[in-house]
Amino acid sequence: MTRARRVLVTVIPSDSESIDGLCNSDIERNENEIEEEDEDAQEEEDDEDEEVEDEVLTEDEEVEDEVVEILEKDAKSKENCVNKARSKDDIPFTKNFGPNIPEDIRTPLDLFSCLFSEDILDLIVLQTNNYAHQNNRKQIPITKNELIIFLGINILMGIKKMPSYRDYWSSDPKLNDPYISSLMTVNRFGFFLGNIHMTDNSKEPKRTEPNYDKLYKLRPMIDKLNENFKKYMTPSKYQSIDESMIKFKGCSSLKQYMPQKPIKRGYKCWVCADESGYICEFQIYTGKKESTEKDLGPRVVKELTRELVGDNHHVYFDNYFTSVKLMIDLKRDNIFACGTVCKDRKRLPKSDIPDKNLEPGKFEYKCSNTGVRWIKWMDKKPVNFLSNYHNPSEVTTVMRKQKYGSSKNVSCPVMCSDYNKYMSFVDKSDQLISTYKIDRKSKK
């Protein structure tokens, strides 16, 4: 049996409700401090014969800390909300950011070697030869120099595309590429495609074992790439987190179907990218486990932002990830976050204005005692936003096309315009990748 605590809750007059009354305050206070402050407030109100105090029993199963719900009931609530929201110009970002390239880097190959480092190459050479030996392949063992040539040929194939990789070695002079065919034979290239490995298959855990990993064959390279991506680039102030798809139409338990994405079938990745499109960190989604994970989106955001804690970075993500609790957690880590949010997400406030009464450019907002701000803005249709640092009363204008092709300036909260400005970093990364990607049929 859970013992309920007796807590004094002061009702402060206001005309707007708290966005998440079931959230902890920004200033953590223990029960004694809360009771002392409520008693002081009661004595002052007794002198003015305006006592407003209720004694209630509260219990919240989801939040371990003591819950204090504050409902603001006067016009000063919006002023308090605006005063608590610090301007972006007042939030210092003093960390140096940008490439951390060694001074001896001179060529594109040197730069490539920073990200695709020597230890990755050594691992691939070792495990590929091991796999060929286990399967009694008659080809001679590969060398590191051959592996570099193989990788270079693949990059070049992304620039000079043909229907099949065998066309580069075609006997027809109209298709044959003399440069690529002079570097490696077609049979040797095919051997690389069919035998390249990063791990020892004989040591792979079985499905019934607790340490089973669907990405076991790629895990060493994924971890090392993430390590190198973070090592040679210090993240900039603005970051975006979104989904990215790797095209694949074969049979795999990892394959996902996302009808709203340009690439509808393939492997889904969680990506954190900066404004240049550089991927700072990524994860490959392996699908749900025995039961559906309730907080998958917030967990992904937290894991991808551990390198950003305490440096006042600004992170943007869409409604798949956004929740009130996530905004509070990120604010405690000194990460300023903003994102769209589903209107039926838990702990969101009720809208006071029906959608049909909102004209384009109009909006309403509410604030919480935890520093989270909610906005419903009418664009072509209503869009809901959450932020843990924006001033909800700040307004700018955006250009919108009208019915007959003309343009019109429409009022827009800065929170919404910032989201549109900084959310597209992962899309930019996808665009850069698609320019030189290789679309190759495979049996795997």
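Presented here is an overview of the structure given in this document. Just so you know, these numbers come straight off a predicted model, no measurement behind them. (Residues numbered from 1 in each chain as written. Predicted model: local features only at pLDDT ≥ 70, side-chain atom pairs only at ≥ 80, totals over all residues. Heavy atoms only, no water.)

1. Quick notes on the overall build of the protein
Counting secondary structure elements, the protein contains 12 helices and 17 strands. Expressed as a percentage of its 444 residues, the buried residues of the protein come to 42%. Look at the contacts in the protein between residues 6 or more apart in sequence, and 63% of them connect residues 24 or more apart. Accessible surface for the protein amounts to roughly 26,700 Å². Of this, 50% is attributable to carbon and sulfur atoms. (Helix = DSSP H or I, 4+ residues; strand = E, 2+ residues; numbered from the N terminus. Buried < 20%, exposed > 50% of the residue type's maximum accessible area, 1.4 Å probe, protein only. Contact = heavy atoms within 4.5 Å. Areas by Shrake-Rupley, 256 points an atom, 1.4 Å probe, with all protein chains shown as cover.)

2. Section: the nonpolar core
Judged by nonpolar contacts, the single largest core of 57 residues is most densely connected at Phe116, Leu147, Met157, Trp169, Phe189 and Tyr316. Not counting residues within four places of it along the chain, the set of residues in contact with Trp169 comprises Met157, Asn176, Ile180, Ser181, Met184, Thr185, Val186 and Phe189. In terms of nonpolar packing, the next biggest core, distinct from the first, is built from 24 residues, Val301, Phe321, Leu326 and Ile335 among them. (Core = buried A, V, L, I, M, F, W, Y, C linked by side-chain atoms within 4.5 Å.)

3. Structural notes on helix H5 (residues 144-159)
Residues spaced three or four apart along an α-helix point in a common direction, a consequence of the helix completing one turn every 3.6 residues. Here H5 contains 16 residues, and its C-alpha end-to-end distance of 23 Å stays within 8% of the 22 Å for a straight helix at 1.5 Å per residue. Of the positions making up H5, those classed as buried are Glu146, Leu147, Phe150, Leu151, Ile153, Asn154, Met157 and Gly158. With its buried residues spanning 155 degrees around the axis, H5 presents them on a single face. Turned more than 90 degrees away from the buried face of H5, the exposed residues are Asn145 and Ile159. In this fold, the buried residues of H5 make contact with helix H3 (108-115), helix H4 (118-134), helix H6 (178-183), helix H7 (186-195) and helix H12 (425-435). (Expected span 1.5 Å × (residues − 1). Arc of directions from axis to C-beta.)

4. With respect to the pairing of strand S15 (residues 382-387)
In this sheet, S15 lies alongside strand S12 (residues 336-340) in antiparallel orientation, the contact comprising 3 bridges. Counterpart to Thr340 in the pairing with S15 is Phe385. As paired elements, strand S14 (residues 373-378) and S15 share 6 bridges and run antiparallel to each other. Directly across from Ile375, in S15, lies its bridge partner Phe385. Once S14 ends, the chain turns through 3 residues before running back antiparallel as S15. (Pairing = 2+ DSSP bridges.)

5. Focus: the packing of H4 against H5
Where H4 contacts H5, the axes come no closer than 10 Å and their chain directions differ by 105 degrees. The pairing of H4 with H5 is recorded here as roughly perpendicular in orientation. Contact residues: H4 offers Glu118, Leu121, Asp122, Ile124 and Val125, while H5 offers Lys144, Leu147, Ile148 and Leu151. A breakdown of the residues in the contact of H4 with H5 according to their chemical character gives 6 nonpolar, no polar and 3 charged. (Axes fitted to C-alpha atoms, helices over the stretch in contact; angles between N-to-C directions. Parallel < 35°, antiparallel > 145°, perpendicular 65-115°, else oblique. Nonpolar A, V, L, I, M, F, W, Y, C, P; charged D, E, K, R; others polar.)

6. Looking at the environment of Lys401
Its place among the elements puts Lys401 in strand S16 (residues 395-401). The exposure class assigned to Lys401 is exposed, which follows from its relative accessible area of 66%.

7. Concerning H7
Within H7 the residues assigned to the buried category are Val186, Arg188, Phe189, Phe191, Phe192 and Asn195. Looking at the buried residues of H7, the elements they touch are H4 and H5.

8. Looking at the packing of H5 against H7
Put simply, H5 and H7 touch, their axes get as near as 11 Å, and they point 95 degrees apart. The orientation of H5 with respect to H7, classified from their angle, is roughly perpendicular. Contact with H5, carried on its side by Glu146, Leu147, Phe150, Ile153, Asn154 and Met157, involves Arg188, Phe189, Phe192 and Leu193 of H7 and no other residues of that element. Of the residues contributing to the contact of H5 with H7, the split by class is 7 nonpolar, 1 polar and 2 charged.

9. A short note on the packing of aromatic side chains
Enumeration over the complete set of coordinates arrives at 20 aromatic pairs. Aromatic side chains Tyr165 and Phe189 sit 5.5 Å apart centroid to centroid with 40 degrees between the ring planes, which places their arrangement in the tilted category. In this pair, Tyr165 is assigned in the loop between H5 and H6 and Phe189 in helix H7, connecting sequence segments 24 residues apart. The residues Tyr165 and Phe189 share a single accessibility class, namely buried. Look at Tyr422 and Phe425: their rings are 6.3 Å apart centre to centre, the planes differ by 70 degrees, and that puts the pair in the edge-to-face class. Across this residue pair, the class does not change: Tyr422 and Phe425 are buried. (Phe/Tyr/Trp six-rings, centres within 6.5 Å; stacked < 30°, edge-to-face > 60°.)

10. Digging into unusual backbone geometry
Residues other than glycine seldom take positive phi values, yet Asn136 does so here, at roughly 55 degrees. Using a relative accessible area of 65% as the deciding quantity, one classes Asn136 as exposed. Non-glycine residue Asn334 carries a positive phi angle of around 60 degrees. Summarising the element assignment, Asn334 is placed in the loop between helix H10 (324-332) and S12. According to the relative accessible area criterion, Asn334 is partly exposed, its value standing at 37%.

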